[in-house]
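Per-entry structural report
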Amino acid sequence: MTLSLDFFRSSIGKKIIMAITGFIWFGFVILHMVGNLQVFQGPEKLNTYAKFLKDLGPLLWVARIGLIVAFFGHVCTAILLKIENSSARPVSYAKGSTIQASVASRTMAYSGLLLLTFLVYHLAHFTLGITNPEHYSFEYILKNGDVVHDVYAMVILGFQDPMISGTYIVFMVFLALHFSHALGSMLQTLGILAPKHNPTIQKLSTGLGLIIFLGNCSMPISILLGYVR
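Fair warning: this is a prediction, and the values are worked out from it, not measured in the lab. (Residues numbered from 1 in each chain as written. Predicted model: local features only at pLDDT ≥ 70, side-chain atom pairs only at ≥ 80, totals over all residues. Heavy atoms only, no water.)

**Describing empty space enclosed by the protein**
Think of a ball as big as a water molecule: rolled over the atoms, this probe shows where empty space is left. The tally for this structure, following the rule as stated, stands at two cavities of 30 Å³ or more. In this model, the largest cavity occupies a volume close to 50 Å³. The set of elements that each furnish at least two residues to the lining of the largest cavity consists of α6 (108-127) and α8 (162-190). The element best represented in the lining of the largest cavity is α6, accounting for five residues. Considered class by class, the residues forming the lining of the largest cavity number six nonpolar, three polar and no charged. (1 Å grid on protein atoms, 1.4 Å probe; cavity = no way out; pocket = protein on both sides within 12 Å on 5 of 7 lines; lining within 4 Å. Points joined across faces, edges and corners; volume = space filled by probe spheres on them. Helix = DSSP H or I, 4+ residues; strand = E, 2+ residues; numbered from the N terminus. Nonpolar A, V, L, I, M, F, W, Y, C, P; charged D, E, K, R; others polar.)

In structure tokens:
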């Protein structure tokens, strides 16, 4: 037990926690995006998908609690590592050492904090119906006769607001930046790939970050332009 605690208190232990929790959220973001893209298939498809998730009942809450634990574990560990790194080098270098570092790697801490803000807002808007309750009050009758919450109408009404769509798109920039650097870091930390594969992994990470950005932004942009209504 002592050895386990000592391991997870170490820098490498914290980095492994960050990598594992990061993978959990990386998978969730991909699945969440794929599910939401069903908005392009109309209200029946998206609302059926939303009902499927709701019908998971306790399993859905287990998944939600797991994601919350993973998220705060990721954030807290990142803060601890940041403090450790600052303590180990209390005096800044006279000349910056991040000249060749990517924008994504230099902004990881900031993008992470911004994504925490976005998560709270996103849940308050689309999950809890707190920020815009008028978007949360519609019902939809599926072809099988089930009356469900109209998630499709909520998404359409939400993204028809240029302020909401603009905010969402800005946050997607930071999400893509965060993920474009995080995937490579996670694989390196877990020792899954050799250092010689780093250039390939970085290209893959950048590509996945771009896919996440384009996929998520395609929804508000299409709704704002009236292609989806």
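**A look at the packing of helix α3 (residues 43-54) against helix α7 (residues 151-159)**
The relative placement of two packed helices is expressed as an angle between their axes plus a distance between the axes. For the pair α3 and α7, interaxial distance at closest approach is 8 Å and the crossing angle is 115°. Classed by the angle they form, the pair α3 and α7 counts as roughly perpendicular. Along its contact with α3, which presents Pro 43, Leu 46, Asn 47 and Ala 50, the element α7 presents Val 151, Tyr 152 and Val 155. (Axes fitted to C-alpha atoms, helices over the stretch in contact; angles between N-to-C directions. Parallel < 35°, antiparallel > 145°, perpendicular 65-115°, else oblique. Contact = heavy atoms within 4.5 Å.)

**Describing the packing of aromatic side chains**
Going through the model one piece at a time under the given rule, you end up with eight aromatic pairs. Taken together, a centroid distance of 5.3 Å and an interplanar angle of 65° make the contact between Trp 25 and Phe 71 edge-to-face. Residue Trp 25 is located in helix α2 (residues 11-36), and its partner Phe 71 is located in helix α4 (residues 58-88); the two are separated by 46 residues in the primary sequence. With respect to class, Trp 25 is no different from Phe 71; both count as buried. (Phe/Tyr/Trp six-rings, centres within 6.5 Å; stacked < 30°, edge-to-face > 60°. Buried < 20%, exposed > 50% of the residue type's maximum accessible area, 1.4 Å probe, protein only.)

**What about the UniProt feature "transmembrane region" (unreviewed entry) in the protein chain?**
Taking the UniProt record as the reference, the feature "transmembrane region" (unreviewed entry) is found at residues 16-39, 59-83, 103-124, 168-194 and 206-228. Counting secondary structure, residues 16-39 comes out at 88% helix and 0% strand; the distance between its end C-alpha atoms is 36 Å. In this annotation, residues 59-83 is assigned 100% helix and 0% strand; the end-to-end C-alpha distance for the span is 36 Å. (UniProt positions renumbered as here; feature names shortened; annotations may be inferred.)

**Details of a nonpolar patch on the surface**
Nonpolar side chains collect at one region of the surface, where Ile 221, Leu 224, Leu 225 and Tyr 227 lie side by side and expose about 450 Å² of accessible area between them. Within the element layout of this structure, Leu 224 appears in helix α9 (residues 198-224). Given a relative accessible area of 38%, Leu 224 falls into the partly exposed group. (Patch = residues over 30% accessible without salt bridge, like charges linked within 9 Å, V, L, I, M, F, W, Y side chains within 5 Å. Areas by Shrake-Rupley, 256 points an atom, 1.4 Å probe, with all protein chains shown as cover. Salt bridge = Lys/Arg side-chain N within 4 Å of Asp/Glu carboxyl O.)

**Some points on the nonpolar core**
Of all hydrophobic cores here, the largest spans 34 residues; its most connected members are Trp 25, Val 39, Val 155, Phe 159 and Leu 175. Counting residues per element, the ones that place at least two in this core are α2, α4, α6, α7, α8 and α9. In terms of residue count, α8 provides more of this core than any other element does, nine residues in total. In contact with Trp 25, other than residues within four places in its own chain, are Leu 67, Ala 70, Phe 71, Leu 119 and Phe 179. (Core = buried A, V, L, I, M, F, W, Y, C linked by side-chain atoms within 4.5 Å.)

**Details of α3**
With twelve residues, α3 ought to run about 16 Å at 1.5 Å a step, and its terminal C-alpha atoms sit 16 Å apart, in line with that. Turning to α3, its buried residues are Glu 44, Leu 46 and Asn 47. Along its buried surface, α3 packs onto α2, β1 (139-141), β2 (147-149) and α7. (Expected span 1.5 Å × (residues − 1).)

**Thoughts on the side chain of Glu 44**
Summarising the element assignment, Glu 44 is placed in helix α3. Of the polar contacts made by the side chain of Glu 44, one reaches the backbone nitrogen of Lys 143; its length is 3.1 Å. Discounting residues that sit within four places of it in the chain, Glu 44 has contacts with Tyr 140, Ile 141, Leu 142 and Lys 143. (Polar contact = N/O pair within 3.5 Å; in protein donor to acceptor, adjacent residues only side chain to side chain.)

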